[in-house]
Amino acid sequence: MNEMNYEIGTRIDFFGKVVAVNPSTYDTVAINVETETREQVVVRIPARTAVGANKLYWFECVAIAFKEKIQLRADVFQTLAEKGVDDDVRERLFRTFYEYAPVNLREIRQTIESRLAAIENPVVRAITNDLYAKFAEDFYLYPAATKFHHAYISGLAYHTASMLKLADGFAAVYPFLNRDLLTAGIVLHDLTKTLEFDSYEGAEYTVAGKLIGHISLTSNEIALSAARLGLADAEETMLLQHIVLSHHYYGNFGSPKKPNIVEALVIHFIDNVDSKVTVVGEELQKIARGEFTESIGVLDKERFYKHKLSQ
């Protein structure tokens, strides 16, 4: 780490990503932080303060001398949630420090919340809004997978918004589909990936993710929500659980049931289409026209040709 050129007493406020946490026997701990301008700085925070490597924080610091070196003492040290940043700031930071969904966060939120506002069935609306509110903070941060599709920050919300748009077309062509169940099922189907993964940056599976998985976790959350709201015996509660439990279709992919209502079947198809077509699109962006992609795991390791008419 290069020597920092700050005058003692200078105040510096910034967003930064923690690169490393250094063990210490002092009452403060030194953490290595990368700023938005790619400057590498050493920040001292109180010992035993919870801090995660590779995570973003807001710092309000003053330059001090510590063991004959200039370091920054953090007088304020907050997570993004504690700081209360808006979608535009959050997106700017994520694009700076991580791989991020190729869409606008504010537009994704608008797409999802406008569909939620249109749900008419009182049971479906109550359960879906209850769980959306519970998980919303992490929902817009987490990836949809660790490596197979939408495996980047805000990938889960991006995947959900894309599925909602696809569902509009299905509902227009097949008027017997229940729009409320389509909307709610899509919003809920991957909601507890926020519990299945340990973080939104470089996500790995939690113990609950490995032993239970997001399908069963979400079904359980629906049951708990329905019980809180006095809706445990409503048929809509069972329908929402069925959609979630069946959306992977096959048992070896995590679904204990196959779709037995038409909305569940459509959501399975939409989920499958968006997850796979998005991956193909991302791989095509990496190559020139006239070339084949690398083999794509989620599509039986097939390679796709980028033809001259490709967009």
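Structure's up top.
Remember, it's a predicted structure, so these values are computed and weren't measured experimentally.

Time to look at the pattern of salt bridges. In this structure the tally under the stated criterion is 13 salt bridges. Note that R73 and D75 form a salt bridge whose closest N and O atoms lie 2.9 Å from each other. With a relative accessible area of 36%, R73 lands in the partly exposed category. By relative accessible area, D75 is classed as partly exposed at 40%. One salt bridge in this structure joins K134 and E221, with 2.8 Å as the shortest N-O distance. Within this pair, whereas K134 is found in helix α4 (residues 122–139), its partner E221 is found in helix α9 (residues 213–228), the two being separated by 87 residues in sequence. A relative accessible area of 9% places E221 in the buried class. One continuous salt-bridge network, built from bridges that share partners, spans R11, R73 and D75.

Here we come to the packing of aromatic side chains. Scanning the model with the defined rule gives 17 aromatic pairs in all. One aromatic cluster is present, formed by F94, Y98, Y100, Y142 and Y200 through successive ring pairs. Geometry around F66 places R44 over its ring, the cationic atom sitting 3.7 Å from the centre. For R109, the ring lying beneath its charged end belongs to Y140, and the centroid distance is 4.1 Å.

This part covers helix α3 (residues 105–117). For α3, built from 13 residues, the straight-helix expectation of 18 Å at 1.5 Å per residue is met to within 8% by its first-to-last C-alpha distance of 18 Å. Among all positions in α3, only L105, I108, T111, I112, R115 and L116 are buried. Taken around the axis of α3, the buried residues stretch over an arc of 130 degrees, which confines them to a single face. Turned more than 90 degrees off the buried face of α3, the exposed positions are E107, Q110 and A117.

Looking at where T237 falls in the secondary structure, it is placed in helix α10 (residues 235–246). Overall, T237 belongs to the buried group, its relative accessible area being 3%. Considering only alpha carbons, one finds T237 and Q110, 127 residues apart in sequence, at a separation of 26 Å. Once residues within four sequence positions are removed from consideration, T237 is found in contact with V123, I127, I222, A226, L231 and A232.

So, about the nonpolar core. Counting residues in each nonpolar core, the largest one holds 61 residues, and the members touching the most others are F94, I112, I127, Y132, F139, Y140 and L240. Apart from the residues lying within four places of it in its own chain, the contact partners of I127 are I222, S225, A226, L229, L231, T237 and L240. By size, the runner-up hydrophobic cluster in this structure holds 18 residues, among which are I12, V18, V29 and V43.

Bending of α4 peaks at approximately 45 degrees at the position of A133. Every buried residue belonging to α4 is among V123, V124, I127, T128, L131, Y132, F135, A136 and F139, and all of these are buried. Of the surrounding elements, those touching the buried residues of α4 are α3, α5 (155–173), α6 (179–189), α7 (193–196), α9 and α10. For α4, the side-chain oxygen to backbone nitrogen distance between the N-cap and V123 is 3.0 Å, and the N-cap itself is N121.

The rules behind these values
- Residues numbered from 1 in each chain as written.
- Predicted model: local features only at pLDDT ≥ 70, side-chain atom pairs only at ≥ 80, totals over all residues.
- Heavy atoms only, no water.
- Salt bridge = Lys/Arg side-chain N within 4 Å of Asp/Glu carboxyl O.
- Buried < 20%, exposed > 50% of the residue type's maximum accessible area, 1.4 Å probe, protein only.
- Helix = DSSP H or I, 4+ residues; strand = E, 2+ residues; numbered from the N terminus.
- Phe/Tyr/Trp six-rings, centres within 6.5 Å; stacked < 30°, edge-to-face > 60°.
- Lys NZ or Arg CZ within 6 Å of the ring centre and 35° of its normal.
- Expected span 1.5 Å × (residues − 1).
- Arc of directions from axis to C-beta.
- Contact = heavy atoms within 4.5 Å.
- Core = buried A, V, L, I, M, F, W, Y, C linked by side-chain atoms within 4.5 Å.
- Bend = angle between axes of the 7 residues up to and from the residue.
- Polar contact = N/O pair within 3.5 Å; in protein donor to acceptor, adjacent residues only side chain to side chain.

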